[in-house]
Amino acid sequence: MYESLLKVTDKYDLIAAFAVIGLTMWFSYWVSGRFTRGRVHGSAIAILLGLTMAYLGGLFTGGEKGVVDIPLLSGIGLLGGSMLRDFAIVATGFGVNIDELKQAGISGVIALVMGILSSFFAGVAIALAFGYTDAVSLTTIGAGAVTYIVGPVTGAAIGASSEVIALSIAAGLVKSILVMVTTPFFASLIGLNNPRTAVIFGGLMGTSSGVAAGLAATDPKLVPYGCLTAAFYTALGCLLGPSLLFILMRGIMG
Amino acid sequence: MIIYGVTLLSVCTLTGITIGQMLGKLIGVPANVGGVGIAMILLILAGSYLNKRGLLDVKTEQGVEFWSAIYIPVVVAMAAKQNVMGALTGGPMAILAGVSAVACGFALVPMLDRLGKDESKTSAAPATNS
């Protein structure tokens, strides 16, 4: 029975993912309406549920890809992979108001630079507090706080040890997951309810998966605005990390 | 036809990601430079151009809208494949570094929002004590 089920979900993995994710969504919206009267958005609950399942997946399989490591659910890797994610994000751009985007343009660019600098130095400060004093480790951990891609790219470029690189990836993962989970709760506090602040938010946070999920759970209408600026964040971080920021840290730490 | 919308979306996505990839190569960065953003802008421009010419019918739009609507399930699937275990077992330093980066980001949103507004209305708005 299990074997034939496995055979089917292996061959029809994407279809199985549609079914599982659809049921998760249905359950989440039901919980949202029944227990929070819609105050906690159904998509926020669904994302939280997804993360919980990913945690359990990692716990039971010891893998790094959440539920995808469970053979029955491998299709979720395809559905939630970068190909379909990017395709769907671009599609949300169809409803974008060009004027809103133009107005927020400059703020978005400032937000990108500020976002990378603030995340980087937040990470550096924590690394300092934990006793790291060499410029290479500090820069790598700071870069990890930018995103979990900038961390290893920077670390590899400036010759950080593999433990430090692993730490920087973990810092970036924590950031990305936190943005997914906490954005809907902080949204009203920080005025994240219009395209302009969404553009700024995307530039400040930058982690594409975090911004994509955080905004989806807050207000799906804001998704394209935030994702548009976030699309430039990792690349800018990879550009600044091993160059300007490393030189800066080397100057400070001597 | 619905496939026209899906094709429009595909062509814009592929073009944008390719441009992002080439930009990355040009600057020497091992990452895609704004590919998704460029693709989105292409779709917005192409959409409004075709709309003005009356070439976008309801069916074509549906081809794009389906994917836009499938976005949240895709994000849920993406959440389900995150390395949550890796994030939680990264130790207190990694967790704190992530937390402080996110806290800075949230704190800066209202600040930057105000900054841009002041710049655009310096002459019109009376000075306030904020």
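In every chain, residue numbers begin from 1 and rise along the written sequence. Chain letters and ligand numbers both follow the written order, the letters beginning at A and the numbers at 1. At least 70 in pLDDT is required for a residue's local features to be given in this predicted model, at least 80 for side-chain atom pairs to be given and counted, and no such filter applies to totals for whole chains, interfaces and linings, which use all residues.

1. Here's the deal with the overall build of chain B
In terms of regular secondary structure, chain B is built from six helices and zero strands. The helix and strand labels rest on DSSP assignments: H or I over at least four residues marks a helix, E over at least two residues marks a strand, and numbering proceeds from the N terminus. Element order for chain B, N to C, with α for helix and β for strand: α-α-α-α-α-α. By the convention adopted here, residues make contact when the C-beta atoms placed from their backbones lie within 7 Å. Expressed as a percentage of contacts within chain B between residues at least 6 apart in sequence, the contacts between residues at least 24 apart total 53%.

2. Some words on the overall build of chain A
From N to C terminus, chain A includes twelve helices and zero strands. For chain A, the sequential pattern of α-helices and β-strands runs α-α-α-α-α-α-α-α-α-α-α-α. We take the radius of gyration over the C-alpha atoms and set the globule estimate at 2.2 Å times the residue count to the 0.38 power. Relative to the 2.2 N^0.38 estimate, which gives 18 Å for 254 residues, the radius of gyration of chain A is 20 Å and therefore close to what a compact globule would have. Dimensions of chain A, computed from the C-alpha atoms along their principal axes, are close to 65 × 45 × 30 Å. The buried share among the 254 residues of chain A stands at 60%. Taking contacts inside chain A between residues at least 6 apart in sequence as the whole, the part at least 24 apart equals 65%. Once C-beta atoms are placed from the backbone, each residue is buried if 20 or more other C-beta atoms lie within 10 Å of its own, exposed if 12 or fewer, and partly exposed for counts between those two.

3. With respect to the UniProt feature "domain: Malonate/sodium symporter MadM subunit N-terminal" (unreviewed entry) in chain A
As recorded in UniProt, the feature "domain: Malonate/sodium symporter MadM subunit N-terminal" (unreviewed entry) lies at residues 6–252 of chain A. With 79% helix and 0% strand, the stretch residues 6–252 of chain A has end C-alpha atoms that lie 56 Å from each other. UniProt positions are given in the numbering used here, feature names are shortened, and annotations may be inferred rather than shown by experiment.

4. Considerations on the domain arrangement of chain B
Split by domain assignment, chain B resolves into domain 1 (1–82) and domain 2 (83–121). The distance between the C-alpha centroids of domain 1 of chain B and domain 2 of chain B comes to 27 Å. Per the annotation, domain bounds derive from an automatic or database assignment of domains.

5. Some details on the domain arrangement of chain A
Residue and element names in this part refer to chain A. When cut into domains, chain A gives domain 1 (2–80) and domain 2 (96–253). Relative placement of domain 1 and domain 2: their C-alpha centres are 27 Å apart. Contact with domain 1, which involves six residues of that partner, is made by seven residues of domain 2. Looking at the side of domain 1 that touches domain 2, its residues break down into four nonpolar, two polar and no charged. Here the nonpolar group is Ala, Val, Leu, Ile, Met, Phe, Trp, Tyr, Cys and Pro; Asp, Glu, Lys and Arg are the charged ones; every other residue, Gly included, is treated as polar.

6. Side note on the UniProt feature "transmembrane region" (unreviewed entry) in chain A
Residue and element names in this part refer to chain A. UniProt's entry tags residues 12–31, 43–60, 106–128, 135–158, 164–186, 198–217 and 223–248 with the feature "transmembrane region" (unreviewed entry), counted in the numbering of this structure. Within the segment residues 43–60, helix and strand shares are 100% and 0% respectively, and the terminal C-alpha atoms sit 25 Å apart. Across residues 164–186 one finds 100% helix and 0% strand; the C-alpha atoms that close the span lie 31 Å apart.

7. Thoughts on the confidence of the model for chain B
Residues and elements named next belong to chain B. Put simply, chain B has an average pLDDT of 81, and 88% of its residues get 70 or more. Within chain B, no element has a lower average pLDDT than helix H5 (residues 84–88), which sits at 76, and none a higher one than helix H1 (residues 2–27), at 90. Per residue, pLDDT measures the predictor's confidence, with a range of 0 to 100. pLDDT under 50 marks residues 121–130. Its contacts with residues more than four places away, or in other chains, come to one contact. Reported confidence for the predicted complex is 0.82 by ipTM and 0.78 by pTM.

8. What about the interface of chain B and chain A?
Of the residues lining the interface, 64 residues belong to chain B; the matching set on chain A comes to 92 residues. Mapped onto the side of chain B that touches chain A, the elements with two or more residues apiece are H1, helix H2 (35–52), helix H3 (58–69), helix H4 (71–80), H5 and helix H6 (91–120) of chain B. The element contributing the most residues to the side of chain B that touches chain A is H6 of chain B, with 19 residues. A per-class count over the side of chain B that touches chain A returns 43 nonpolar, 18 polar and three charged.

9. Focus: the UniProt feature "transmembrane region" (unreviewed entry) in chain B
All names here are of chain B. UniProt's feature table lists "transmembrane region" (unreviewed entry) at residues 30–51, 63–80 and 92–112, given in the numbering used throughout. Structurally, residues 30–51 is divided into 77% helix and 0% strand, and its ends, taken at the C-alpha atoms, are 37 Å apart. Strand forms 0% of residues 63–80 and helix 94%; the C-alpha atoms that close the span are 26 Å apart.

10. With respect to H2 of chain B
All names here are of chain B. The terminal C-alpha atoms of H2 lie 26 Å apart, and with 18 residues this matches the ideal 26 Å at 1.5 Å per residue to within 8%. Within the sequence span of H2, burial applies to Gly-35, Val-36, Gly-37, Ile-38, Ala-39, Met-40, Ile-41, Leu-42, Leu-43, Ile-44 and Gly-47. At the C-terminal side of H2, Gly-54 shows a positive phi close to 75 degrees. Helix span, expected: 1.5 Å multiplied by one less than the number of residues in the helix.

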